[in-house]
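So you can see what is in the structure, the chains are spelled out below.
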Amino acid sequence: MHRLWIIIFLLLLFVSAIATSYESGLRYLKYLLIAAPFIKLMSVKQYAVNRTLFSNLLLYMFLISINLVVAFIGNDFSMRMFMEILLILIPISAAIGFSEMDEKSNMKLLKYLFYIYATAFFIVFWQEFINLGSLFKNLPRAILYSQFKTESWMGFVFAIFSLFFFLTKQRIHLIVALVLMFFAFKRVTWAASFASISAFFFLFQLLKFRFRPMQFKLLFAGVLVVFISLFFGFISGEFTTFIQTQTGISINHFTQGRFFLYNRALHYFSENYNLWFGSYLGATYDFLEPRYPNVDFLHSDLLKLILEIGIILFIIWFISFININMTNKYTFALLIFVFVLFFTDNTLIYFDLMFLFYLFINYFSRSDAQQNIE
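Caption draft 1: Main features of the overall build of the protein. The helix and strand inventory of the protein stands at 19 helices and 0 strands. Scaling as 2.2 N^0.38, a compact globule of 374 residues should have a C-alpha radius of gyration of about 21 Å, and the protein matches this with 21 Å. Looking at the protein as a whole, 52% of its 374 residues qualify as buried. Put simply, of all contacts in the protein between residues at least 6 apart along the chain, 75% involve residues at least 24 apart. Of the roughly 17900 Å² of accessible surface on the protein, a fraction of 65% belongs to carbon and sulfur atoms. The centroid of the 27 positive side-chain charges in the protein is displaced by 11 Å from the centroid of its 19 negative side-chain charges.

Encoded structure:
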């Protein structure tokens with residue numbers, strides 16, 4: 001892609017990052033990056049697409065097509081459905097537009113993206129950083145209730161960058177990313193970053209395991225099935241007393257209202273839809289938005305997918321997503337990261353996070369990048 005277009009897209013992301021923090025309409029500028037693959041196509045004679053990214057795109061197009069048929073049969077169309085489709089497809093489409101770069105240019109782009117988000121974060125919260133003493137005064141309470149003056153959606157961005165810089169052995173960038181992740185104060189991103197970095201360090205640096213694709217895919221899927229079972233046990237109230245005893249606050253308060261939403265949504269969709277075939281993409285949004293003030297999202301992609309595309313398509317997505325993206329030990333760590341978030345947030349429609357995830361998948365799928373890291 002021509003350098004001018006890359007600069008334009010980076011500027012769009014920069015403005016959008018600041019605008020998103022202020023909930024300005026300019027935050028939608030980032031969705032213009034869907035034009036990236038088409039601009040790339042017009043600027044080159046031969047356009048080779050990264051196989052892993054293209055497989056992701058085909059997977060989502062297949063799932064969306066089947067879900068559209070189910071929605072058509074059930075006469076359950078909604079404008080939100082088409083919005084959700086776009087929100088899922090835009091990050092992967094944009095990443096494809098940046099996929100065919102050499103290793104050096106790819107790394108340079110990823111660092112520029114990090115600098116853009118870091119600069120945007122400081123611009124938004126510069127007043128808070130002037131008085132760090134006041135910022136840290138209520139830290140214990142902030143950790144318990146997840147209320148911090150610099151709390152920001154960019155915590156997701158800095159967390160996945162912290163993993164990327166750890167995997168690529170860039171210590172200074174890693175330290176900066178971890179500091180920014182802390183100040184952005186999204187507790188679940190701390191858990192995702194810690195889990196992925198710890199697993200990689202323990203398995204591949206401490207124990208020196210050799211990555212064997214099939215074995216690690218089966219192990220990963222098996223562990224996730226266990227956690228999904230525990231997750232549904234949590235929704236049914238199995239851990240209510242334990243959390244109340246350990247934290248001194250209710251399970252709903254501890255989960256920032258998620259427990260109630262999960263429970264109500266599962267009950268509603270179980271009664272009104274066949275969970276094997278699901279409802280339609282965006283159905284959980286249409287369920288929550290008119291019933292609960294200031295609540296639009298279910299904040300669990302795994303539960304959301306089960307309720308919207310159904311158990312059958314969810315299993316297809318689950319197996320295919322792991323099989324497509326887990327190509328080496330680096331993408332193994334990336335998958336740990338995103339699945340932690342899939343449990344507790346609606347990250348599949350977070351453009352910035354998923355755009356970076358696909359860019360990192362693209363980077364680590366290249367043999368020259370792997371050799372450079374080693």
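Moving on from the coordinates now.
Caption draft 2: Structural detail: the pattern of salt bridges. Within the structure shown, the criterion is met by 6 salt bridges. One salt bridge in this structure joins glutamate 151 and lysine 186, with 3.2 Å as the shortest N-O distance. Of this pair, glutamate 151 sits in the loop between helix H7 (139–145) and helix H8 (154–167) while lysine 186 sits in the loop between helix H9 (171–184) and helix H10 (187–206), and the two are 35 residues apart along the sequence. Judged by relative accessible area, which is 26%, glutamate 151 ranks as partly exposed. Judged by its relative accessible area of 22%, lysine 186 falls in the partly exposed class. Here the salt bridges do not stand alone but share partners, grouping Arg80, Glu84, Lys304 and Glu308 into one network.

Caption draft 3: Expanded view of the side chain of threonine 52. Position of threonine 52 among the secondary structure elements: in helix H3 (residues 51–74). What threonine 52 contacts, discounting residues up to four positions off in sequence, is Ile324, Asn325, Thr327, Ile361 and Ser365.

Caption draft 4: Seen up close, a nonpolar patch on the surface. On the surface, Leu219, Val223, Val226, Phe227, Leu230, Phe239 and Phe242 cluster together into a nonpolar patch covering about 640 Å² of accessible area. Counting residues per element, the nonpolar patch draws most heavily on helix H11 (residues 213–235), at 5 residues. Within the fold, valine 226 resides in helix H11. Using a relative accessible area of 48% as the deciding quantity, one classes valine 226 as partly exposed.

Caption draft 5: Here's a closer look at the packing of helix H1 (residues 3–21) against helix H5 (residues 103–130). At a minimum axis separation of 9 Å, H1 and H5 run at an interaxial angle of 30 degrees. As summarised for this structure, H1 and H5 are arranged roughly parallel, according to the angle between their axes. Like other packed secondary-structure pairs, H1 and H5 cross with a definite hand, here right-handed. In this structure, H1 uses Ile6, Leu10, Leu13, Phe14, Ala17, Ile18 and Ser21 to contact H5, whose residues at the interface are Leu109, Tyr112, Leu113, Ile116, Tyr117, Thr119, Ala120, Ile123 and Val124. Residue composition of the contact of H1 with H5, grouped by class: 14 nonpolar, 2 polar and no charged.

Caption draft 6: Structural context of empty space enclosed by the protein. Counted by the stated rule, this structure contains 2 cavities of 30 Å³ or more. Each pocket or cavity is described by its volume, and for the largest cavity that value is around 70 Å³. Lining the largest cavity we find Tyr60, Leu63, Ile64, Ile88, Leu281, Leu305, Ile309 and Trp317. Contributing elements (two or more residues each) for the lining of the largest cavity: H3 and helix H16 (301–325). The residue makeup of the lining of the largest cavity, split by class, is 8 nonpolar, no polar and no charged. If you go around the second largest cavity, the residues you meet are Glu84, Ile88, Leu281, Asp301, Lys304, Leu305, Leu348 and Ile349. When contributions to the lining of the second largest cavity are tallied by element, the ones reaching two or more residues are helix H4 (79–97) and H16. If you tally residues by element for the lining of the second largest cavity, the top one is H16, at 3 residues. By residue class, the composition of the lining of the second largest cavity is 5 nonpolar, no polar and 3 charged.

Caption draft 7: Quick look at H10. The end-to-end C-alpha distance of H10 is 26 Å, a good match for the 28 Å that 20 residues give at a rise of 1.5 Å each. Three or more residues of H10 are buried, namely Val188, Thr189, Ala192, Ser193, Ser196, Ile197, Ala199, Phe200, Leu203 and Phe204. Taken down its axis, H10 places every buried residue within 160 degrees of arc, on the same side. Pointing more than 90 degrees away from the buried face of H10 are the exposed residues Phe194 and Leu206.

Caption draft 8: How the structure looks around the nonpolar core. The biggest cluster of nonpolar side chains holds 137 residues, and the ones touching the most others in it are Phe158, Trp317 and Phe339. Excluding its chain neighbours within four sequence positions, the residues that come into contact with tryptophan 317 are Leu59, Tyr60, Leu63, Leu302, Leu305, Phe339 and Phe342.

Caption draft 9: Structural context of the layout of surface pockets. Within this model, the second largest pocket holds a volume of roughly 290 Å³. Taken together, Arg3, Ile6, Ile7, Leu10, Met101, Asp102, Ser105, Lys108, Leu109 and Tyr112 make up the lining of the second largest pocket. Those elements that place two or more of their residues in the lining of the second largest pocket are H1 and H5. Along the lines of polarity and charge, the residues of the lining of the second largest pocket split into 6 nonpolar, 1 polar and 3 charged.

Rules behind the numbers
Residues numbered from 1 in each chain as written. Predicted model: local features only at pLDDT ≥ 70, side-chain atom pairs only at ≥ 80, totals over all residues. Heavy atoms only, no water. Helix = DSSP H or I, 4+ residues; strand = E, 2+ residues; numbered from the N terminus. Rg over C-alpha atoms; globule rule 2.2 N^0.38 Å. Buried < 20%, exposed > 50% of the residue type's maximum accessible area, 1.4 Å probe, protein only. Contact = heavy atoms within 4.5 Å. Areas by Shrake-Rupley, 256 points an atom, 1.4 Å probe, with all protein chains shown as cover. Lys, Arg positive; Asp, Glu negative; His and termini not counted. Charge placed at Lys NZ, Arg CZ, Asp CG, Glu CD. Salt bridge = Lys/Arg side-chain N within 4 Å of Asp/Glu carboxyl O. Patch = residues over 30% accessible without salt bridge, like charges linked within 9 Å, V, L, I, M, F, W, Y side chains within 5 Å. Axes fitted to C-alpha atoms, helices over the stretch in contact; angles between N-to-C directions. Parallel < 35°, antiparallel > 145°, perpendicular 65-115°, else oblique. Left-handed = near helix turned anticlockwise from the far one by under 90°. Nonpolar A, V, L, I, M, F, W, Y, C, P; charged D, E, K, R; others polar. 1 Å grid on protein atoms, 1.4 Å probe; cavity = no way out; pocket = protein on both sides within 12 Å on 5 of 7 lines; lining within 4 Å. Points joined across faces, edges and corners; volume = space filled by probe spheres on them. Expected span 1.5 Å × (residues − 1). Arc of directions from axis to C-beta. Core = buried A, V, L, I, M, F, W, Y, C linked by side-chain atoms within 4.5 Å.

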